[in-house]
Amino acid sequence: MRQLETLLPRPALTNPSLLAATVASLGRRAASRQDLWRLLTESYTVDLDAVAAMLPPEEPEPVWLPSKS
């Protein structure tokens, strides 16, 4: 069960180097990319665009064209 929101504000990560270090630290503990986002946004207030810019892009699975026989 998800914990209720607390009345205390979450700390804001605005410094790019501190944000990068936090993402790296949480990334080692997260089971997936979605888990990393969850851990980050539950613990901190962040600029989501800044976080997305520092994460490696997710490459979609290639869609192979059917071969012409």
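Residues numbered from 1 in each chain as written. Predicted model: local features only at pLDDT ≥ 70, side-chain atom pairs only at ≥ 80, totals over all residues. Heavy atoms only, no water.

Turning our attention to the nonpolar core. Grouped together as the largest cluster of nonpolar side chains are eleven residues: L13, L19, V23, L26, A30, L36, L39, L40, V46, V51 and L55. Contributing elements (two or more residues each) for this core: α1 (16–29) and α2 (33–43). Here V23 is in contact with L36, L40, V51, M54 and L55, once residues within four sequence places are set aside. (Core = buried A, V, L, I, M, F, W, Y, C linked by side-chain atoms within 4.5 Å. Buried < 20%, exposed > 50% of the residue type's maximum accessible area, 1.4 Å probe, protein only. Helix = DSSP H or I, 4+ residues; strand = E, 2+ residues; numbered from the N terminus. Contact = heavy atoms within 4.5 Å.)

Two side chains with opposite charge may pair up if their charged atoms get near one another. Tallied over the full model, the rule gives two salt bridges. Taking the shortest distance from any N to any O, the salt bridge between D35 and R38 comes out at 2.5 Å. With D35 and R38 both in helix α2 and three residues apart, this pair spans about one turn of that helix. For D35, a relative accessible area of 17% puts it in the buried group. Two residues, E42 and R38, come together in a salt bridge whose shortest N-O distance is 3.1 Å. With E42 and R38 both in helix α2 and four residues apart, this pair spans about one turn of that helix. Where salt bridges share partners, they join D35, R38 and E42 into one cluster. (Salt bridge = Lys/Arg side-chain N within 4 Å of Asp/Glu carboxyl O.)

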